[in-house]
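One-letter residues, chain by chain:
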Amino acid sequence: MELFGPWFWLVLLLAFVAIEIFTFQLTTIWCAIAALPMIFISLTKMDMVWQLLIFVAISLVLLIFTRPFAVKKLKIGKEKTNIEALVGQHVIVTKEISKFSKGQAKTANGVIWSVQANSDSPIPEGAECEITQILGNTLEIKPL
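Cut-offs applied
Residues numbered from 1 in each chain as written. Predicted model: local features only at pLDDT ≥ 70, side-chain atom pairs only at ≥ 80, totals over all residues. Heavy atoms only, no water. Helix = DSSP H or I, 4+ residues; strand = E, 2+ residues; numbered from the N terminus. Rg over C-alpha atoms; globule rule 2.2 N^0.38 Å. Buried < 20%, exposed > 50% of the residue type's maximum accessible area, 1.4 Å probe, protein only. Patch = residues over 30% accessible without salt bridge, like charges linked within 9 Å, V, L, I, M, F, W, Y side chains within 5 Å. Areas by Shrake-Rupley, 256 points an atom, 1.4 Å probe, with all protein chains shown as cover. Salt bridge = Lys/Arg side-chain N within 4 Å of Asp/Glu carboxyl O. Core = buried A, V, L, I, M, F, W, Y, C linked by side-chain atoms within 4.5 Å. Contact = heavy atoms within 4.5 Å.

Draft legend 1. Main features of the overall build of the protein chain. On a plain count of helices and strands, the protein chain comes out with three helices and five strands. For the protein chain, the α and β elements follow one another from N to C terminus as α-α-α-β-β-β-β-β. At 27 Å, the protein chain has a C-alpha radius of gyration far larger than the 15 Å of a compact globule built from 144 residues. By principal-axis analysis of the C-alpha atoms, the protein chain measures approximately 80 × 25 × 20 Å. The buried share of the protein chain, reckoned over its 144 residues, is 28%.

Have a look at this one:
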């Protein structure tokens, strides 16, 4: 029995599927898909070097041409979570912001944050602003 027989490719397929289940990065799934036809190709008693080359070729073709489409359709890694979701939201300044001091602002859900302006111009209390970025526990805002 040869090292690269159908059982080898089946075990490899299952290993790649298991890795994909735990990572869900859409990288090893293409190797798992490439291992499937290799189960049948290995029954032809093809030399192991050719089997490996075919496996690598199928894996690379799938990874290069189908992964971007799958990532786009499944929206992998695109969802903003927690604090990242604040960028772009509007806030109301509750404590004036000057060039040398931070102020405070209230978000739509009622949470008061420490804020600073993204420019040197002061922002008065009551002004509506947009969050441009998060710097630690401070929001950087710009007036609308």
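Let's pick the thread back up.
Draft legend 2. Unusual backbone geometry, seen in detail. Although it is not a glycine, Phe-24 adopts a positive phi angle of roughly 50°. Take Phe-24: it is sitting in the loop between helix H1 (6-23) and helix H2 (28-41). Judged by relative accessible area, which is 46%, Phe-24 ranks as partly exposed. If you check the backbone angles, Leu-26 has positive phi at about 55° while not being a glycine. Tracing the backbone shows Leu-26 in the loop between H1 and H2.

Draft legend 3. Seen up close, a nonpolar patch on the surface. On the surface, a nonpolar cluster with roughly 550 Å² of combined accessible area is contributed by Val-56, Leu-60, Val-61, Leu-63, Ile-64 and Phe-65. In this fold, Leu-63 is placed in helix H3 (residues 48-74).

Draft legend 4. The nonpolar core, seen in detail. Ranked by size, the top nonpolar core spans 14 residues in total, and within it Val-93, Ile-97, Val-115, Ile-123, Cys-129, Leu-139 and Ile-141 carry the most contacts. Secondary structure elements with two or more residues in this core: strand E1 (90-95), strand E3 (112-117), strand E4 (128-135) and strand E5 (138-143). No other element matches the three residues that E3 contributes to this core. When sequence neighbours within four positions are dropped, the list of residues in contact with Val-115 reads Ile-97, Lys-102, Gly-103, Gln-104, Ala-105, Thr-138, Leu-139 and Ile-141. Listed in part, the 11 residues of the second largest apolar core include Phe-4, Leu-13, Ala-32 and Ile-39.

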